[in-house]
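Here is how the chains run, residue by residue.
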Amino acid sequence: MLEKKIAGYSDEISVAPGERIRFMVSCEAGVDRYQADIVRLISGDRQPGGPGYRDELLPTSVSGEYHGRTQETYCGSYAIVPHGPAFAGLADLGLQAAIFPTLPSLRRACVIAKMDVEAGRGFALWTDPAQGLVLQLGDGAGGVQEFALGRPLVAREWYLVSATYDSAVGEVRLHQELLNSYARDESSGAATHTSAATAAVSCEAPLLIAAASRGEARGKPVGEMIFNGRIERPVVASRVLDAGDIEALRHGPVAPNLRSDICAAWDFGQAFETDDIIDISPNRAHGRLVNLPIRAVRGSNWTGDELSFHHAPDQYAAIHFLDDSLYDCEWEPDFELEIPADTPSGLYAARLRSGDQEDHITFVVRPPRELSERADAGDRATASLALLIPTASYMAYGNARGAIEVGNELLANHLTVISPEMRYLNRHPDYGNSMYDDHNDGTGVCYSSRLRPLINIRPTHPWLWQLSADMHIVEWLESQDIAFDVITDEDMHQDGVALLERYSCVMTCSHPEYYSTPMWDALHAFTQRGGRLMYMGGNGFYWRVAYRDDKPGAMEMRRTEDGSRSWASEPGEYYMAFTGEYGGLWWRAGRTPQSLVGNGFIAQGFDHSSYFRRTADSRDPRAAFIFEGVDDEIIGDFGLIGGGAAGLELDSASRAYGTPPHALVVATSEQHTDAYIRVNEDIGHMLLSIGGQDDPGVHADVVFFETPRGGAVFSTGSIGWSSALFHNDHDNNISRITRNVLNRFLDPTPLA
Amino acid sequence: MPSQYPIDPSRTDLAHEFMANPMGPHSAALQRIVTRMRDTEAAGRYVLVTRVPYQEWGLAQLSGKRGVDLTMIEDQVFTSIEDAERAVFKLRWELITGVPLALD
Ligand SMILES: [Fe+2]
């Protein structure tokens, strides 16, 4: 049985000719060498009756054989504070923080540590599954003395914890106090111990929050024994803190009488949109976060009166650390490529092969960048059509673990088929999760990154979803001999509408679900300035996401209020740390998909796809061009996913939700199975009639409408649409309709 | 918690319907028991494992735990998804009703 053993990623997702892209590869035992080539991707679906895999070699310096090696990934989030004068000469010690452990019984986890393990110098404060709070102090001779409180902590509760060491009398005090009040609480308590010998508290190791470290890799301490849960206002003091000091230090500025003795007091309620943690003591011993722990989360003092962290930053001064979060694998590059000057824009991959092993690290070559001094920016496009690759949605779905961890049998109404790629992903929890998964502690995954292998974002992945499904569109465009440029969500996010305005027509892929504000603005402005948009999928423009300029390849999203979702954000955590914007459904931010493209998500199901029937609107002379040469009443009763063009996720038109008043619904799907169910955000009272057979609202609408200045939008309303393009060697009514629309949309004659 | 919809072991007519068309769509009565069968805990869930892409599948049970591999069930190999659905239907019928599925 085939076992997948090779995977990689690239540092860039979209590069212009002349720019560089680097590729990082890791091989498991047995793959000592591999062949790498750069190929232009033409087709990917290998199922029987499908178009198969096809590519075209791009001769580059990359082509060649490479040495395979295993590259280590260090996942898990923590903070690093470099050693500095703030921590010099420590003899006595005071430590405190508020903590909210989410997996206290899993294993010992480190809250704060500054320890030179080899020398046995420093201190570390832990939570222990059986002992609760544990303080370790160096013995100065390569070992540690350990002092335990002796009461296990309860998961998902806030505690105020503190530990002190008085070197004059050798006394250690530990304190943990549950901040909620429960009868029969046995987890709060204190302990006093006497140290056998004078502890060696001072060391020059960096200080870590939420992790301990035994050594460095890639220029920074590797975090281990990572704390799962929230930490708020950690403090390191150079003297014993009493109960009054501890209470005074929990919130607000450091009081004048404490300033001389505080090494550092970090306020996580500052610099939310960065990786910085800010020390508010006079020492300014700031630190940096690693691997995207969750910021802008509720602290121990959250009242519920304010729902945005911007309105009450002091109530959001906590960070949620996770032992499986990941920003950047930071692997060594295996090869790199400068995109040759004459490389046509397109969807490309570094194709890795070794025996029966393969991987495709997919990237986009965008058209040449316009020079900023040029006024005639429009001439830098190399085609009239742009295919918009939904890299935001690829990142959201990248490394989705549902199939291998839970099985999606009830969703699919069929047995789950596990491919070698899915087993490989399961062998690699270190590659991080998709935004559809939970972290190990049950917290929903609200950050993603493309600086890691995204195992299911591959042109040949057997789960036809996102890239593998979008290959049907690429294959169709190739078959039609239509010139097209390829651009990405990230290009659009950065360049705005100027990028789109070079084109007569922009075509989306099958499931452009995740949109940042600049992306939404750009696409909307394009449609309002005479541009023509072909929305070739379903459940598009649904969730709002955020990028950070200083964090390339990372993305944030919150699953708020409602929507079809695999987890839900905590109350009060609906605002995104990256930008401060309200997260969740675009609908809830007043921008419906219907107002952008005429239809919006209404239902989903994954067993059998259905077909469309033409409507009376389709006879409107305005829609005549769409159906030229199509006599059929029934459209798309075929396809490579579920056997129909109306399937998977469906969008319908709704005047109430913003479909333009003049929009034409030219076809409507019908007879969906009961596995198709209306989206929860569109359900008021729960009724028995929610499935496709009972609920007439469960259908997709194909929508056409003109936009100002001669533009137009055509929306297919279904993820399944593109899976029908290949049928009968592209000679079918879905292909014909798509071609009719594209021809008209490429014709400069105004539509309205 | 999985579904608690009872399966009546005397309704072999529904089992016959499934065997004739394992991929569905099913009648409402059959879909109810298929839903009952598919609504299981993650740990131990029957899944198909690709042996030869699009040609041959083995049967396995999920671990239900991140990072822990599934468990292959030896000598359960299928050359069609339909046959695999039929085999798992039989397994689950007996598991849920306590009565082996006997069809002539
Ligand atoms: Fe989706």
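Residues numbered from 1 in each chain as written. Chains lettered and ligands numbered in written order. Predicted model: local features only at pLDDT ≥ 70, side-chain atom pairs only at ≥ 80, totals over all residues. Heavy atoms only, no water.

A.B. asks: Quick rundown of the overall build of chain A? Include the residues and the values.
C.D. replies: Tallying secondary structure elements over chain A gives 11 helices and 44 strands in all. Here the C-alpha radius of gyration of chain A, 28 Å, is about what a compact globule of 752 residues would show, namely 27 Å. For the C-alpha atoms alone, the extent of chain A along its principal axes is close to 95 × 60 × 55 Å. Of all 752 residues assigned to chain A, the portion counted as buried reaches 64%. Of the contacts made within chain A by residues no fewer than 6 positions apart, 72% connect residues no fewer than 24 positions apart. Of the roughly 26100 Å² that chain A leaves accessible, carbon and sulfur atoms contribute 49%. Counting 62 positive and 104 negative side-chain charges, chain A places the centres of these two groups 2 Å from one another. (Helix = DSSP H or I, 4+ residues; strand = E, 2+ residues; numbered from the N terminus. Rg over C-alpha atoms; globule rule 2.2 N^0.38 Å. Buried < 20%, exposed > 50% of the residue type's maximum accessible area, 1.4 Å probe, protein only. Contact = heavy atoms within 4.5 Å. Areas by Shrake-Rupley, 256 points an atom, 1.4 Å probe, with all protein chains shown as cover. Lys, Arg positive; Asp, Glu negative; His and termini not counted. Charge placed at Lys NZ, Arg CZ, Asp CG, Glu CD.)

A.B. asks: Just give me the short version of the overall build of chain B, but keep the residues and values in it.
C.D. replies: The secondary structure content of chain B amounts to 3 helices and 3 strands. A globule of 104 residues ought to have a C-alpha radius of gyration of about 13 Å, and chain B, at 14 Å, matches this closely. Along the first, second and third principal axes, the C-alpha atoms of chain B reach 40 × 30 × 25 Å. Evaluated residue by residue, chain B yields a buried proportion of 38% over its 104 residues. Within chain B, contacts between residues separated by at least 24 positions form 48% of all contacts whose residues are at least 6 apart in sequence. In the structure as shown, chain B presents an accessible area of about 5500 Å², 51% of it carried by carbon and sulfur atoms. Each charge class in chain B can be summarised by its mean position, and for the 11 positive and 14 negative side chains these summaries are 7 Å apart.

A.B. asks: Could you give me a rundown of the sheet that holds strand E3 (residues 20-27) of chain A, with the residues and numbers involved?
C.D. replies: Residue and element names in this part refer to chain A. Strands sit in the order E1-E3-E25 across an open sheet of 3 strands; the sheet is antiparallel. Lying at the two open borders of the sheet, with one neighbouring strand each, are strand E1 (6-10) and strand E25 (335-338). Neighbour to neighbour, the strand axes of the sheet diverge by 20 degrees on average, direction disregarded. (Pairing = 2+ DSSP bridges. Axes fitted to C-alpha atoms, helices over the stretch in contact; angles between N-to-C directions.)

A.B. asks: Explain the confidence of the model for chain A to me, and be specific about the residues and the numbers.
C.D. replies: Per-residue confidence for chain A gives a mean pLDDT of 96; residues scoring 70 or more make up 99%. This model gives residues 372-379 of chain A a pLDDT under 50, and the stretch forms 5 contacts once residues within four places in sequence are excluded. (pLDDT = per-residue confidence, 0-100.)

A.B. asks: Describe the environment of histidine 662 of chain A, listing the residues and the values that go with them.
C.D. replies: Residues and elements named next belong to chain A. Looking at the secondary structure, you find histidine 662 in the loop between strand E40 (646-652) and strand E41 (664-670). Between the alpha carbons of histidine 662 and phenylalanine 705 there is a distance of 6.7 Å; along the sequence they are 43 residues apart. What histidine 662 contacts, discounting residues up to four positions off in sequence, is Arg622, Phe705 and Glu706.

A.B. asks: Describe in detail the packing of aromatic side chains, supporting the description with residues and values.
C.D. replies: All names here are of chain A. Tallying each qualifying case throughout the model produces 34 aromatic pairs over all chains. When the centroid spacing of 5.3 Å and the interplanar angle of 75 degrees are considered together, the rings of phenylalanine 625 and phenylalanine 704 count as edge-to-face. Of this pair, phenylalanine 625 sits in the loop between strand E38 (600-614) and strand E39 (634-635) while phenylalanine 704 sits in strand E43 (residues 701-707); the two residues are 79 residues apart in sequence, bridging distant segments of the chain. Of the two residues, phenylalanine 625 and phenylalanine 704, neither departs from the other in class, the shared state being buried. An aromatic cluster is built from Phe23, Tyr34, Tyr66, Phe335, Tyr348 and Phe363, whose rings are joined through pairwise contacts. One Lys or Arg, arginine 559, reaches over the ring of tyrosine 436 and ends 4.6 Å from the middle of that ring. Lying over the aromatic face of phenylalanine 627, arginine 614 brings its terminal NZ or CZ to 3.9 Å of the ring centre. (Phe/Tyr/Trp six-rings, centres within 6.5 Å; stacked < 30°, edge-to-face > 60°. Lys NZ or Arg CZ within 6 Å of the ring centre and 35° of its normal.)

A.B. asks: Please set out the interface of chain B and chain A residue by residue, giving values where relevant.
C.D. replies: Opposite the 32 residues of chain B that make contact, chain A presents 33 residues. Between chain B and chain A, roughly 2700 Å² of surface is buried when both sides are summed, and carbon and sulfur atoms account for 55% of that area. For the chain B face of the interface with chain A, the top three residues by lost area are Arg38, Tyr54 and Arg66 of chain B, together amounting to 32%. Across the contact surface, chain B and chain A share 6 salt bridges. Note that arginine 45 of chain B and glutamate 409 of chain A form a salt bridge whose closest N and O atoms lie 2.9 Å from each other. (Buried area = accessible area lost by both parts, 1.4 Å probe. Salt bridge = Lys/Arg side-chain N within 4 Å of Asp/Glu carboxyl O.)

A.B. asks: Kindly report on the pairing of strand E14 (residues 171-178) of chain A, identifying the contributing residues and their values.
C.D. replies: Residues and elements named next belong to chain A. What you see with E14 is a clean split: Val172, Leu174, Gln176 and Leu178 sit on the buried side and Glu171, Arg173, His175 and Glu177 on the side with no burial. With 8 bridges connecting them, strand E13 (residues 159-166) and E14 associate as antiparallel partners. When the sheet's bridge partners are listed, alanine 163 is paired in E14 with leucine 174. Counting the residues in the hairpin turn of E13 and E14 gives 4 residues, including glycine 170, whose phi is positive at 70 degrees. Sheet topology places E14 next to strand E15 (residues 189-194); 6 bridges connect them, and they run antiparallel. Directly across from histidine 175, in E15, lies its bridge partner alanine 190.

A.B. asks: Before we move on, can you summarise the coordination of the iron ion with the specific residues and values?
C.D. replies: Listed as protein donors to the iron ion are Tyr397 of chain A (OH), His511 of chain A (NE2) and Glu513 of chain A (OE); their distances from the metal cover 1.8 to 2.1 Å. Residue classification places histidine 511 of chain A among the buried residues on the basis of a relative accessible area of 1%. (Donors = N, O, S within 2.8 Å, 3.2 Å for Na, K, Ca; no water.)

A.B. asks: Could you give me a rundown of the sheet that holds strand E1 (residues 46-52) of chain B, with the residues and numbers involved?
C.D. replies: The strand order across the open sheet built from 4 strands is E29(A)-E1(B)-E2(B)-E3(B), with neighbouring strands paired in mixed fashion. On the outer flanks of this sheet lie strand E29 (417-418) of chain A together with strand E3 (71-78) of chain B, each paired with one strand and no other. Across 2 bridges, E29 of chain A lies against E1 of chain B in parallel orientation. Among the inter-strand pairings, valine 417 of chain A is bridged to a residue of E1 of chain B, identified as leucine 48 of chain B. Helix-sheet contacts for helix H3 (residues 81-97) of chain B involve E29 of chain A together with E1, strand E2 (56-61) and E3 of chain B, and the interaxial angle to E1 of chain B is about 150 degrees.

A.B. asks: A description of the domain arrangement of chain A should follow, citing residues and the corresponding values.
C.D. replies: Split by domain assignment, chain A resolves into domain 1 (6-73 + 337-364), domain 2 (78-321) and domain 3 (592-752). Relative placement of domain 1 of chain A and domain 3 of chain A: their C-alpha centres are 35 Å apart. (Domains from an automatic or database assignment.)

A.B. asks: Break down unusual backbone geometry for me, with residues and values.
C.D. replies: Cis rather than trans, the peptide bond between glycine 24 of chain B and proline 25 of chain B has omega equal to -5 degrees. With respect to the helices and strands, the residue proline 25 of chain B is situated in the loop between helix H1 (12-20) and helix H2 (28-38). Phi is positive for arginine 156 of chain A, which is not a glycine, with a value near 60 degrees. Residue position: arginine 156 of chain A is located in the loop between strand E12 (144-148) and E13. Positioned with a positive phi, glutamine 466 of chain A is a non-glycine residue whose angle comes to about 55 degrees. With respect to the helices and strands, glutamine 466 of chain A occurs in the loop between strand E30 (447-449) and helix H6 (467-479).

A.B. asks: Which residues make up the confidence of the model for chain B, and what values do they have?
C.D. replies: Where the model shows low pLDDT, its predicted coordinates should not be examined in detail. When the pLDDT values of chain B are averaged, the result is 96; 100% of them are 70 or greater. Our summary of model confidence lists the complex with pTM equal to 0.97 and ipTM equal to 0.98.

A.B. asks: So, the layout of surface pockets: which residues are in play, and what are the values?
C.D. replies: Residues and elements named next belong to chain A. There is about 500 Å³ of room inside the second largest pocket. Along its surface, the second largest pocket is lined by 24 residues, and Met115, Asp116, Val117, Ser213 and Arg214 are the ones closest to its centre. Listing elements by their share of the lining of the second largest pocket, those giving two or more residues are strand E9 (109-116) and strand E10 (121-128). Considered class by class, the residues forming the lining of the second largest pocket number 12 nonpolar, 6 polar and 6 charged. (1 Å grid on protein atoms, 1.4 Å probe; cavity = no way out; pocket = protein on both sides within 12 Å on 5 of 7 lines; lining within 4 Å. Points joined across faces, edges and corners; volume = space filled by probe spheres on them. Nonpolar A, V, L, I, M, F, W, Y, C, P; charged D, E, K, R; others polar.)

A.B. asks: Got a sec to walk through the pattern of salt bridges? Specific residues and values, please.
C.D. replies: Under the criterion given, the structure shown has 56 salt bridges over all chains. Counted as one network, the salt bridges with shared partners bring together Arg156, Arg230, Arg298, Glu570 and Glu573 of chain A.

A.B. asks: Just give me the short version of the packing of H1 of chain B against H2 of chain B, but keep the residues and values in it.
C.D. replies: All names here are of chain B. Two numbers describe how H1 lies on H2: the axes approach to 10 Å, and their chain directions differ by 85 degrees. With respect to H2, the element H1 is oriented roughly perpendicular. The segment H1 lies against H2, with Leu14, Glu17 and Phe18 engaging Ala29, Leu30, Ile33 and Val34. Along the lines of polarity and charge, the residues of the contact of H1 with H2 split into 6 nonpolar, no polar and 1 charged. (Parallel < 35°, antiparallel > 145°, perpendicular 65-115°, else oblique.)

A.B. asks: Lay out the side chain of threonine 416 of chain A in plain terms, naming residues and giving numbers.
C.D. replies: With respect to the helices, strands and loops of the structure, threonine 416 of chain A is situated in the loop between helix H4 (409-412) and E29. A polar side-chain atom of threonine 416 of chain A sits 3.0 Å from a polar atom in the side chain of asparagine 408 of chain A. Excluding anything up to four places from it in sequence, threonine 416 of chain A contacts Ala403, Gly407, Asn408 and Glu409 of chain A together with Val47 and Leu48 of chain B. (Polar contact = N/O pair within 3.5 Å; in protein donor to acceptor, adjacent residues only side chain to side chain.)

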